[in-house]
Amino acid sequence: NMEPNLRSNYYYPTNKKRYLPRIKRCNDAIPDAAVMIGEGNWEGATDFATKIADDTILPMKLYTSSLLGGGTNVKVAFAKDMTSAASDFEKAQKKLVKAISKKDQTASSKALEDLSEALLAYRTA
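Conventions used here
- Residues numbered from 1 in each chain as written.
- Predicted model: local features only at pLDDT ≥ 70, side-chain atom pairs only at ≥ 80, totals over all residues.
- Heavy atoms only, no water.
- Salt bridge = Lys/Arg side-chain N within 4 Å of Asp/Glu carboxyl O.
- Helix = DSSP H or I, 4+ residues; strand = E, 2+ residues; numbered from the N terminus.
- Buried < 20%, exposed > 50% of the residue type's maximum accessible area, 1.4 Å probe, protein only.

S.K.: Requested: an account of the pattern of salt bridges, with residues and values cited.
M.R.: Where charged atoms of side chains with opposite charge meet at close range, the side chains can pair. By the definition in use, this model includes seven salt bridges. The partner of Glu90 in a salt bridge is Lys94, with the nearest N and O atoms 3.4 Å apart. Placement of the pair is Glu90 and Lys94 together in helix α3 (residues 79–101), with a separation of four residues, close to one helical turn. For Lys94, a relative accessible area of 48% puts it in the partly exposed group. Ionic pairing is found between Asp114 and Lys110, a salt bridge with its closest N-O pair at 2.7 Å. A residue pair is termed a helical-turn pair when its members lie 3 or 4 positions apart in one helix, as Asp114 and Lys110 do in helix α4 (residues 105–124) at four residues. For Lys110, a relative accessible area of 46% puts it in the partly exposed group.

This is the structure we're talking about:
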């Protein structure tokens, strides 16, 4: 009993285990990052922006591409939304790094909010 989507069935669970935990880790760290920015803990905020958030960009893109079937002709309607959310996330992450390096609380909070919204849009797509 051969399934027609053999390749996509092979890649999908692997990608789920590989990428989703990294995306979730960033999602779970956002409230702490907000507190760090609020308290002016720039070292902790920098750590979040450059390590955790930066480490989430690639998994978001790779997971979306894995949903597209890894070379099969599987069409996923919400993949376009996920792709645009991933690119919004990447832009917000770059803004966050810039704002934190200037120790700009308002800009950092705004960038973190954008990052959080992009991640939410990605997760609910």
